[in-house]
Amino acid sequence: MKFLILPKFNKNLYFMVSGILTASIFLLDLSLELGVAGGVAYIVLVLFSLWGDKRSYIFWAGVTGTIFTWLGYLFSPPGGENWKVLANRFLALFVIWIAVIICRSFQKSQDTIRANAIRLSNESRIRAILNNAGEGIYGLDMEGNTSFINPAAAQMLGYSAEELIGKPQHALIHHSRKDGTPYPRNECHIYAAFRDGTIHRETNEVFWRKDGSSFSVEYVSMPIRENGKLVGAVVTFRDTTAEKREKYRNILRYNLTKVLAEAQTADEIGRASCRERV
């Protein structure tokens, strides 16, 4: 569904056009007899204020129309009965301020549409980032329930996003330590982020998949605030299983090389000692 969003003139152009409109309407009003409600034309000035870049322009367009309507009453050629002249001037003022009220309502709807468009654009951008991120990312509300999760996280955990959204995260993927012993929620560093409002990083824990297997993770839990109030946490994590496996291999390779080198050195020392005895 498409909505009409009016473009905005820059300040200098807006005031130049407004001045031309005001002068033109005032000259028209002066050319008419008092019995004609020439001030009604100032609603054009009010309508044009919708193209201004400030909300207050609508109000000041109404004030300008009011002032020039009375100036027109003072300087226009005489004509018509006095009560009709005054009635026409008040009619013009009534129409001007009705236009102001309508334009203000329209402007508020424009602001709402513009704000929603920005929000939807931001949400689409954030969704694209989440969907394309290689790391796992998910959010938690203050109850510890999953509020959102990206595809990478769901895939690593073996769940679908629907199986995790609204469910207690700790009970599903972080319930036990890597040795299989229970991991109480009140000791969980992920939950600590929205208890104490600080960032928590862990590099030596595990998450549990849907099939009951676990994998090593490194994660960061960051508190989320709205208007200064803690409302949850966002967690980013990555699978470090392959990284740790390679680290252990390197350590094993290093230790094996060291043992072999020491054995070779001992062998050479033994041979040298034998030669000396001979």
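Relevant structure appears above.
Note that the structure is predicted; figures quoted are calculated from it, not measured. (Residues numbered from 1 in each chain as written. Predicted model: local features only at pLDDT ≥ 70, side-chain atom pairs only at ≥ 80, totals over all residues. Heavy atoms only, no water.)

Engineer: In this structure, what is going on with the overall build of the protein? I would like to understand it.
Structural biologist: Of the regular secondary structure elements, the protein holds nine helices and five strands. Counting helices and strands in the order they occur from the N terminus, the protein gives α-α-α-α-β-β-α-α-α-α-β-β-β-α. Residues counted as buried form 32% of the 278 residues belonging to the protein. Counted over contacts in the protein with a minimum sequence separation of 6, partners at least 24 positions apart contribute 53%. Of the roughly 17100 Å² that the protein leaves accessible, carbon and sulfur atoms contribute 62%. (Helix = DSSP H or I, 4+ residues; strand = E, 2+ residues; numbered from the N terminus. Buried < 20%, exposed > 50% of the residue type's maximum accessible area, 1.4 Å probe, protein only. Contact = heavy atoms within 4.5 Å. Areas by Shrake-Rupley, 256 points an atom, 1.4 Å probe, with all protein chains shown as cover.)

Engineer: Please explain the layout of surface pockets as it appears in this structure.
Structural biologist: Take a probe with the size of a water molecule and roll it over the atoms, and the empty space left behind shows itself. Approximately 160 Å³ is the volume found for the largest pocket. Forming the boundary of the largest pocket are Tyr14, Phe15, Ser18, Gly19, Thr22, Leu45, Tyr57, Trp60, Ala61 and Thr64. Elements with a minimum of two residues in the lining of the largest pocket: α1 (11-31) and α3 (56-75). When residues of the lining of the largest pocket are assigned to their parent elements, the largest contribution, five residues, is made by α1. Partitioning the lining of the largest pocket into residue classes produces six nonpolar, four polar and no charged. (1 Å grid on protein atoms, 1.4 Å probe; cavity = no way out; pocket = protein on both sides within 12 Å on 5 of 7 lines; lining within 4 Å. Points joined across faces, edges and corners; volume = space filled by probe spheres on them. Nonpolar A, V, L, I, M, F, W, Y, C, P; charged D, E, K, R; others polar.)

Engineer: What am I meant to see in the packing of aromatic side chains here?
Structural biologist: Within the structure shown, the criterion is met by 15 aromatic pairs. Measuring from ring centre to ring centre gives 5.5 Å for phenylalanine 15 and tyrosine 57, while their planes differ by 65 degrees; the resulting arrangement is edge-to-face. Residue phenylalanine 15 is located in helix α1, and its partner tyrosine 57 is located in helix α3; the two are separated by 42 residues in the primary sequence. Owing to a relative accessible area of 44%, phenylalanine 15 belongs among the partly exposed residues under this scheme. According to the relative accessible area criterion, tyrosine 57 is buried, its value standing at 8%. Relative to tyrosine 219, the ring of phenylalanine 207 has its centre 5.8 Å away and its plane inclined at 15 degrees; by these criteria the two rings are stacked. Of this pair, phenylalanine 207 sits in strand β3 (residues 200-208) while tyrosine 219 sits in strand β4 (residues 214-226), placing them twelve residues apart in sequence. (Phe/Tyr/Trp six-rings, centres within 6.5 Å; stacked < 30°, edge-to-face > 60°.)

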